[in-house]
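# A closer look at the structure
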Amino acid sequence: MIIDAHCDVLYQLWKNPDWRFQDSPELRINYEKWAGNTVKVQCFAIFVPDTVPSDLQFHTALEMVNIFYEQIIAPYENIKLVTSKEDILALKDNEKGAMLTLEGLHPIGHDMIKLKTFLHLGVKAVGLTWNNGNAVADGVGEERGAGLSTFGKQVVEVLNTYNVMTDVSHLSYQGFWDVMDLAKYPIASHSNSRKICSHVRNLDDKQLKALIKKKAFIGVTYVPEFLTGTKEATSKDVIQHIEKIYKLGGEDSVGLGSDFDGTSGFVEGIEDHAQYDSFLQELKARFSKELVEKIAWKNFLHNLEAKTY
Ligand SMILES: [Zn+2]
């Protein structure tokens, strides 16, 4: 069993209206690939690119919510919406869980009602920024490097109240520390070790240790540039980042956040959903059975508050 904390299938389906979730071969995750593998739960991120004018961003995000419900949940008897630990544990053997997440709060502007609307629609993890800045905080690509605004702090309070995870992937360094002070459920859904690969999207040892101290989930991601700093990487590089986080004490934190369909690069050995079973075998050859279970799904699960709202 595997839980994958991040992918951008919704964005691809929005950008390419001719593609079908059922079987479009261009998708790293489609129904046919997913149905045949051991991935139990897939998180699907709403991600609005910054090329969308700001007055259309909320609408665009809602279009992706509709894609999620119309193309992923509704057509398939065996795909269930999951919003809690209990939902995931209740999945039958033949069933898969789909969880809705949000990558970047630029679509809400300064409007808390828009955030709450996403939460009522089932969003269970919220990345505060993408690479650039917004009303909540700056992202890693924003030179100013600002932490949380007053509005951003209110946002985290709302996420705490709604038992929703605050995702620090893409967030500025200062924003990271502000979240660690305030968030009840911090996670990094798709980020690697900066010590191994010095990329601005990765987390340094101090950040990783702060997450580990809170047993917060850290999803290692299969983006070549974040694994090796080049356009080439293999599943062995993914395992190296997992091992690094484990060795920092992250046995109860480290997990998987692929970023499938969010990046153009391929990681040899774990190029798409169809390779998850062989990747799981690689993990089993490297780590103990108990640790593999934690990496593959348990660490994500224990970050999900059982209570729903
Ligand atoms: Zn991302």
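Residues numbered from 1 in each chain as written. Predicted model: local features only at pLDDT ≥ 70, side-chain atom pairs only at ≥ 80, totals over all residues. Heavy atoms only, no water.

As named in an unreviewed UniProt entry, the chain is Membrane dipeptidase, taken from Salirhabdus euzebyi.

## Focus: the packing of aromatic side chains
Counted by the stated rule, this structure contains 19 aromatic pairs. Among the aromatic residues, ring-to-ring pairing joins Phe21, Tyr31, Trp34, Phe44, Phe68, Tyr69 and Tyr76 into one connected group. A cation sits over an aromatic face here: Arg28 above Phe266, 3.7 Å from the ring centre. Taking NZ or CZ as reference, Lys206 lies 5.3 Å from the ring centre of Trp177, over its face. (Phe/Tyr/Trp six-rings, centres within 6.5 Å; stacked < 30°, edge-to-face > 60°. Lys NZ or Arg CZ within 6 Å of the ring centre and 35° of its normal.)

## Describing the nonpolar core
The biggest cluster of nonpolar side chains holds 104 residues, and the ones touching the most others in it are Phe21 and Leu128. Ranked by residues supplied to this core, first place goes to helix α3 (residues 54-73) with eight residues. (Core = buried A, V, L, I, M, F, W, Y, C linked by side-chain atoms within 4.5 Å. Buried < 20%, exposed > 50% of the residue type's maximum accessible area, 1.4 Å probe, protein only. Helix = DSSP H or I, 4+ residues; strand = E, 2+ residues; numbered from the N terminus.)

## A short note on the pairing of strand β5 (residues 123-127)
Where burial is concerned, most of β5 is hidden: five out of the five residues are buried. Looking at chain direction, strand β4 (residues 96-103) and β5 are connected through four bridges and run parallel. Bridge assignment links Leu102 to a residue of β5, and that residue is Val126. Viewed along the sheet, the connection from β4 through helix α5 (residues 112-120) into β5 turns out right-handed. Relative to strand β6 (residues 165-167), β5 runs parallel, the two sharing three bridges. Within β6, the residue paired with Gly127 across the bridge is Asp167. Handedness of the crossover is the feature at issue here: the chain leaves β5, passes through helix α6 (residues 150-161), returns alongside β6, and the resulting connection is right-handed. (Pairing = 2+ DSSP bridges. Right-handed = clockwise from strand over helix to strand, strands pointing away.)

## Here's the deal with the pairing of β4
With eight of its eight residues buried, β4 lies for the most part within the structure. Because side chains alternate across β4, one face comprises the buried residues Lys96, Ala98, Leu100 and Leu102, and the other comprises Gly97, Met99, Thr101 and Glu103, equally buried. As paired elements, strand β2 (residues 39-46) and β4 share six bridges and run parallel to each other. Looking across to β4, one finds that Cys43 is bridged to Met99.

## Examining the pattern of salt bridges
One pass over the structure, following the stated rule, counts 13 salt bridges. Here Arg286 and Glu243 are joined by a salt bridge, their closest N and O atoms 2.1 Å apart. Taken together, the residues span a long stretch of sequence, with Arg286 in helix α11 (residues 276-286) and Glu243 in helix α10 (residues 235-247) at a distance of 43 residues. Taking the relative accessible area as the measure of exposure, Glu243 reaches 15% and is therefore buried. A salt bridge links Lys298 to Glu293; the nearest nitrogen and oxygen atoms lie 3.1 Å apart. Since its relative accessible area comes to 34%, Lys298 is described here as partly exposed. On the accessibility criterion, Glu293 (27% relative accessible area) is partly exposed. Connected via shared salt-bridge partners are Lys215, Glu251, Asp252 and Lys294. (Salt bridge = Lys/Arg side-chain N within 4 Å of Asp/Glu carboxyl O.)

## Overview of the coordination of the zinc ion
The zinc ion binds to the protein through Glu103 (OE), His170 (NE2) and His190 (NE2); the donor distances cover 2.0 to 2.2 Å. Motif for the zinc ion, donor spacing along one chain: E-x66-H-x19-H. Note that His170 is positioned in the loop between β6 and α7 (173-182) and His190 in the loop between β7 (186-187) and α8 (205-213), a separation of 20 residues in sequence. There is no split in this pair, since His170 and His190 are both buried. (Donors = N, O, S within 2.8 Å, 3.2 Å for Na, K, Ca; no water.)

## Looking at helix α12 (residues 289-301)
Three- or four-residue spacings in an α-helix give side chains the same orientation, since the helix completes a turn every 3.6 residues. Taking 1.5 Å as the rise per residue, α12 with 13 residues should run 18 Å; its terminal C-alpha atoms sit 17 Å apart, in good agreement. Taking the largest bend as the criterion, α12 deviates by roughly 55 degrees, centred on Ile295. Residues of α12 that are buried: Leu291, Val292, Lys294, Ile295, Ala296, Trp297, Asn299, Phe300 and Leu301. (Expected span 1.5 Å × (residues − 1). Bend = angle between axes of the 7 residues up to and from the residue.)

## Things to note about α6
Taking 1.5 Å as the rise per residue, α6 with 12 residues should run 16 Å; its terminal C-alpha atoms sit 17 Å apart, in good agreement. Where the residues of α6 are buried, they touch α5, β5, β6 and α7. Following α6 by one or two positions, Asn163 has its phi on the positive side, about 55 degrees. (Contact = heavy atoms within 4.5 Å.)

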